[in-house]
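Observations on chain architecture
Here is how the chains run, residue by residue.
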Amino acid sequence: MTNKFLMFSIIILISFSLNAQQKTEKNEAEMETKIEKLLSKMTLQEKIGQMNQYNGSWDITGPAPGDDYNKPRYDQLKSGQVGSMLNVISVKSIKEAQKLAVENSRLGIPLIFGHDVIHGYQTMFPIPLGESASWDLDAIEMSARIAGIEAAAAGINWTFAPMVDISRDPRWGRVMEGAGEDPYLGMQIAAARVKGFQGEDLSDENTIAACAKHFAAYGFAEGGRDYNSTDFSETTLRNVILPPFKACVDAGVATFMNGFNDLGGVPATGSKYLQRDILKDEWNFDGFVVSDWGSIGEMVPHGFAKDKKHAAELAANAGSDMDMESIAYVAYLEELVKNGKVKESDIDDAVRRILRIKLQLGLFDDPYKYCNEENEKSKIYTKEHLEIARDVARKSIVLLKNENNILPLDKKAKSIAVIGSLANSKDVPLGNWRSQGKTDSAVSLLEGLQNAVGKDVKIEYAEGYKLTEGKRDFLHELTIIEKDESQFETAIALAKKSEVVVLAIGEDCYQSGEGRSQADIGLAGSQQKLIEAIYEVNKNIVVVLMNGRPLAIPWVAENIPGIIEGWHLGSEAGNAIADVVFGDFNPSGKLPMTFPRDVGQIPLYYNHRNSGRPGPVEMVFWAHYTDQTNEPLYPFGFGLSYASFEYSAIKLAKNEMAMDGELIVSVDLKNTGNVEGTEVVQLYIQDLYGSITRPVKELKGFQKITLDAGQSKTVEFTLSKDDLGFYGLDGKWVVEPGDFKVFVGGNSRDVKGSAFILK
Ligand code: BGC
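So, a few notes on the structure that sits alongside this text. Each chain has its residues counted from 1, running along the sequence as written. Where totals are concerned, whole chains, interfaces and linings use all residues; where local detail is concerned, this predicted model gives features only for residues with pLDDT of at least 70, and gives and counts side-chain atom pairs only at 80 or more. Derived side-chain values reflect all non-hydrogen atoms in the structure, with water molecules and hydrogen atoms excluded from consideration.

All right, on to the overall build of the chain then. Helix numbers and strand numbers start at the N terminus; a helix is a DSSP run of H or I with at least 4 residues, a strand a run of E with at least 2. When helices and strands are counted, the chain shows 21 helices and 29 strands. This radius of gyration counts C-alpha atoms alone. The globule rule is 2.2 Å times how many residues there are, raised to the power 0.38. For a compact globule of 759 residues, the expected C-alpha radius of gyration is about 27 Å, and the chain comes in at 27 Å, within 12% of that figure. Seen through its principal axes, the chain has C-alpha atoms that stretch 75 × 65 × 65 Å. Each residue is assigned to one of three classes by its accessible area relative to the maximum for its type, calculated with a 1.4 Å probe on protein chains only: buried under 20%, partly exposed between the two thresholds, exposed over 50%. When the 759 residues of the chain are sorted by exposure, 60% land in the buried category. Partitioning the contacts of the chain with sequence separation of at least 6, the portion at a separation of at least 24 is 78%. With residues, only the protein chains shown are counted as cover, and all accessible areas are computed by Shrake-Rupley using a 1.4 Å probe. A total accessible area of about 29900 Å² is found for the chain, and carbon and sulfur atoms account for 50% of it. When checking whether two residues touch, look at their non-hydrogen atoms; a contact exists if any pair is within 4.5 Å.

So, on to the sheet that holds strand S6 (residues 255–258). When DSSP locates at least two bridges between a pair of strands, those strands are taken to pair. Strand order in the open sheet formed by three strands is S5-S6-S9, and the pairing between neighbours is parallel. At either margin of the open sheet sits one strand with a lone partner, and together these are strand S5 (211–215) and strand S9 (288–290). For this sheet, the mean angle separating the axes of adjacent strands, direction not counted, is 30 degrees. With three bridges connecting them, S5 and S6 associate as parallel partners. Every axis corresponds to a line fitted to the C-alpha atoms, with the helix fit spanning only the stretch in contact, and the corresponding angles, defined between N-to-C directions, vary from 0 to 180 degrees.

Turning our attention to the sheet that holds strand S1 (residues 52–55). Spatially, S4-S3-S2-S1-S10 is the arrangement adopted by the five strands of the open sheet, whose pairing is parallel. Each edge of the open sheet is held by one strand with a lone partner, namely strand S4 (158–159) and strand S10 (323–324). Where strand S3 (residues 112–115) and S4 come together, two bridges link them in parallel fashion. The residue of S4 that forms the bridge with Gly114 is Trp158.

With that out of the way, let us pick up the site of the ligand. If even one non-hydrogen atom of a residue comes within 4 Å of a molecule or strand, that residue is called near it. All residues in the neighbourhood of the ligand are listed as Leu86, Asp116, Phe160, Arg174, Lys213, His214, Met257, Phe260, Asp292, Trp293, Met324 and Glu514. A 3.5 Å cut-off defines polar contacts: any pair of N or O atoms within that distance qualifies, except that in protein one atom must be a possible hydrogen donor and the other a possible acceptor, and neighbouring residues in sequence count only when both atoms are side-chain atoms. A distance of 2.7 Å separates an oxygen atom of the ligand from a polar atom in the side chain of His214. The side chain of Glu514 places a nitrogen or oxygen atom 2.8 Å from an oxygen atom of the ligand. Gly falls in the polar group here, along with every residue not listed as nonpolar (Ala, Val, Leu, Ile, Met, Phe, Trp, Tyr, Cys, Pro) or charged (Asp, Glu, Lys, Arg). When the residues that make up the shell around the ligand are grouped by side-chain class, the tally is six nonpolar, one polar and five charged.

With that settled, the discussion passes to the packing of helix H3 (residues 70–78) against helix H4 (residues 91–104). Two elements in contact, H3 and H4, have axes whose closest approach is 7 Å; the angle formed by their N-to-C orientations is 50 degrees. On the basis of the axis angle, H3 is oblique to H4. Touching Tyr74, Leu77 and Lys78 of H3 are Leu100, Ala101 and Asn104, all from H4. For the contact of H3 with H4, the per-class residue count stands at four nonpolar, one polar and one charged. Small angles under 35 degrees read as roughly parallel and large ones over 145 as roughly antiparallel, with 65 to 115 read as roughly perpendicular and the rest as oblique.

A few words on helix H9 (residues 243–250). Turn by turn, an α-helix covers 3.6 residues, leaving residues three or four places apart pointing in a common direction. With six of its eight residues buried, H9 lies for the most part within the structure. Taken together, the buried positions of H9 are occupied by Pro243, Pro244, Phe245, Ala247, Cys248 and Val249. Following H9 by one or two positions, Gly252 has its phi on the positive side, about 85 degrees.

Okay, H3 next. For H3, the full list of buried residues reads Asn70, Arg73, Tyr74, Gln76 and Leu77. Looking down the long axis of H3, one finds its buried residues gathered within 165 degrees of arc, a one-sided arrangement. The secondary structure elements touched by the buried residues of H3 are S1, strand S2 (84–86), H4 and helix H13 (329–338). Arc, as used here, means the arc of the directions from the helix axis to the C-beta atoms.

This paragraph deals with unusual backbone geometry. Note the cis peptide between Lys213 and His214, where omega equals 0 degrees. Of note, the bond from Leu407 into Pro408 is cis; its omega dihedral lies within 30 degrees of zero at -5 degrees. In this fold, Pro408 is placed in the loop between strand S11 (398–402) and strand S12 (416–419). Despite not being glycine, Trp135 has its phi angle at roughly 50 degrees, a positive value. The topology assignment puts Trp135 in the loop between helix H5 (128–132) and helix H6 (137–153). For Glu325, which is not glycine, the phi dihedral falls at a positive 65 degrees. One can find Glu325 in the loop between S10 and H13. Look at Glu325 and you get buried, because its relative accessible area is 13%.

Quick look at the nonpolar core now. Grouping buried Ala, Val, Leu, Ile, Met, Phe, Trp, Tyr and Cys residues that are joined through side-chain atoms within 4.5 Å yields what is termed a nonpolar core. Counting residues in hydrophobic clusters, the biggest one holds 188 residues, and the most contacted among them are Phe256 and Ile419. Residue contributions to this core peak at seven residues, all from helix H14 (residues 344–360). Here this core gathers at least three residues from each of two domains, domain 1 (8–377) and domain 2 (393–601). Apart from the residues within four sequence positions on either side, Phe256 is in contact with Cys211, Ala212, Phe215, Phe245, Val249, Leu279, Trp283, Phe285, Phe288, Val289 and Val290. Grouped together as the second largest cluster of nonpolar side chains are 25 residues, Val715, Phe717, Val735 and Phe740 included. The split into domains, and so the bounds of each, comes from an automatic or database assignment of domains.

What follows is the structure, encoded as structure tokens:
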């Protein structure tokens with residue numbers, strides 16, 4: 001390229017990006033003008049209406065009912081007293097509801113329709129915790145993209161996802177919805193999911209608004225019991241809990257949802273500190289905050305508000321912009337403003353935010369723009385989406401153990417026994433929070449294995465254990481069958497005569513999710529007893545785990561030669577697991593959350609602080625249990641491959657780093673196996689001493705590297721001061737000079753280390 005041409009290209013590029021910038025600024029200015037114009041026409045009651053959100057699982061398309069519950073809601077929809085609805089399903093219903101609002105209300109402001117599209121709309125992807133095990137940001141973004149396309153095709157314009165709550169407690173049922181325990185991984189995944197749902201432009205017909213939830217600290221529920229109180233330091237809030245939320249703001253997330261929990265005595269929904277001071281002022285977030293379901297009203301049982309009216313006052317003053325189903329704003333805000341308890345300027349601020357997102361979605365240009373029956377027919381549950389779901393699912397699988405290379409299995413094995421009722425389930429793999437995923441629509445493990453081997457190889461199946469009885473759904477408590485050995489004999493006989501046993505164990509998908517916390521995270525029912533009985537007759541066992549949380553399964557880990565972590569992997573689960581079982585796909589997933597040996601070790605997480613007595617020492621006086629090790633069953637970041645990888649010693653460009661400089665950290669990675677494989681190379685740091693004690697390790701980078709058998713590659717990371725700082729006691733970001741360690745490895749435990757000084 002000639003210099004002249006280069007200059008010309010640069011000038012074109014600069015003027016192009018200046019133009020684009022000017023255009024965006026112009027669009028934004030125009031949008032703000034529109035908002036102000038509309039706001040000036042609105043009565044106080046109409047403003048409050050925008051802040052009101054109703055659930056729509058009542059019959060929208062039928063005639064207006066006369067009962068006390070529904071009639072007022074119809075009337076409010078028509079008179080502009082509802083700003084949003086959730087759970088209105090199908091283009092037909094959404095169109096009807098939109099019509100009620102747009103064609104009857106004085107100003108015709110369109111509704112925004114929200115729904116929990118958590119890991120797919122109808123094409124189900126792995127539960128988010130499972131998908132996070134892929135450490136594959138493109139795959140994660142793609143899965144959110146497809147969920148967005150399908151939801152938008154069904155008329156929805158807003159998802160209540162991603163859930164970005166960090167959690168260190170696998171007893172908490174909602175760990176299945178998040179990205180696990182680590183703030184750095186959580187930040188990357190949060191941003192990928194927001195980008196996936198929202199795409200490049202919210203006004204595109206196939207993108208939806210995302211919602212970062214639950215702000216904040218909901219994942220820190222004491223004892224892992226859902227909805228419970230939370231209590232932790234300000235430094236933990238800033239360094240561990242908030243970073244994924246901030247990453248969502250940086251990725252342009254449209255909305256936030258607050259949480260059910262109280263933080264040190266202040267319910268998240270009533271927290272001005274979180275919603276106004278941090279989110280809106282410090283982070284300049286210009287979207288809106290929706291309350292969690294009924295969380296405004298729940299400030300009464302919390303003991304924070306005297307009654308619902310008081311709760312409405314506290315929530316509005318704290319910056320909760322939209323009331324999901326407490327019916328507190330629509331009932332009391334007008335009076336509260338008139339009595340001077342809530343400022344009208346705060347109401348205006350909330351309404352501006354809500355209108356802004358509606359404008360960005362293009363709903364004012366065409367309130368029915370997402371209501372396209374053709375799209376609803378052609379864009380949901382397509383072959384292409386299912387193929388991508390299979391790919392994301394297999395990338396999410398973690399190989400936990402492969403003694404004597406029991407895996408991959410030979411497709412021509414003489415006899416394969418598949419045992420365990422989970423293997424035959426077409427429903428459990430769909431996971432909880434499955435949106436419109438159809439009951440029993442997944443490829444079961446049994447079907448997937450049979451598809452892979454073809455008709456000539458017979459796979460025999462025995463149920464082995466029964467896990468649940470009665471109703472299985474989102475709303476009801478699951479009944480686990482505690483003792484049932486009626487199917488043992490057949491299963492044991494099958495195991496005995498077979499060359500190899502594939503044993504599916506773990507959890508029903510309704511054992512995890514909202515309201516599904518467990519005090520025991522071992523194997524429920526008679527599963528453990530069955531495994532031990534099978535092991536007596538055939539040790540050639542591959543366990544496939546299906547679960548929504550880390551499990552404490554020390555006996556399995558110790559005794560079973562092959563273990564595959566298969567989560568709840570979605571529509572294509574069985575095919576994806578079969579790909580790994582038979583080696584058509586080489587597993588590369590890594591755990592996003594520590595697996596404890598024992599529930600008593602919880603909270604157990606890799607980035608803990610050292611304590612003054614880390615031990616071990618000869619005497620008893622060190623930080624440990626006398627009846628259990630401190631070691632996890634599987635550490636954060638752990639996962640094997642059918643290849644094997646060797647890491648060289650770490651090379652540092654220098655042993656010192658200037659505050660404004662950079663440090664290049666590299667290792668040589670070699671595939672020492674005999675098949676191509678992919679490794680997630682992880683970089684951790686440790687700040688050895690500081691004005692507050694720092695974690696023993698913190699993830700600060702990762703790269704997914706694919707190598708042919710025998711191939712080597714130098715993997716390079718660049719550290720800068722942004723990777724070395726933390727939020728201090730005053731809540732401010734600080735980078736302190738001093739001694740650091742740096743580690744690189746294939747999981748958080750097995751690493752190579754080196755050291756440097758930050759000057
Ligand atoms: C959950 C939220 C969810 C909302 C609406 C609540 O119970 O905590 O995560 O978005 O319901 O379904």
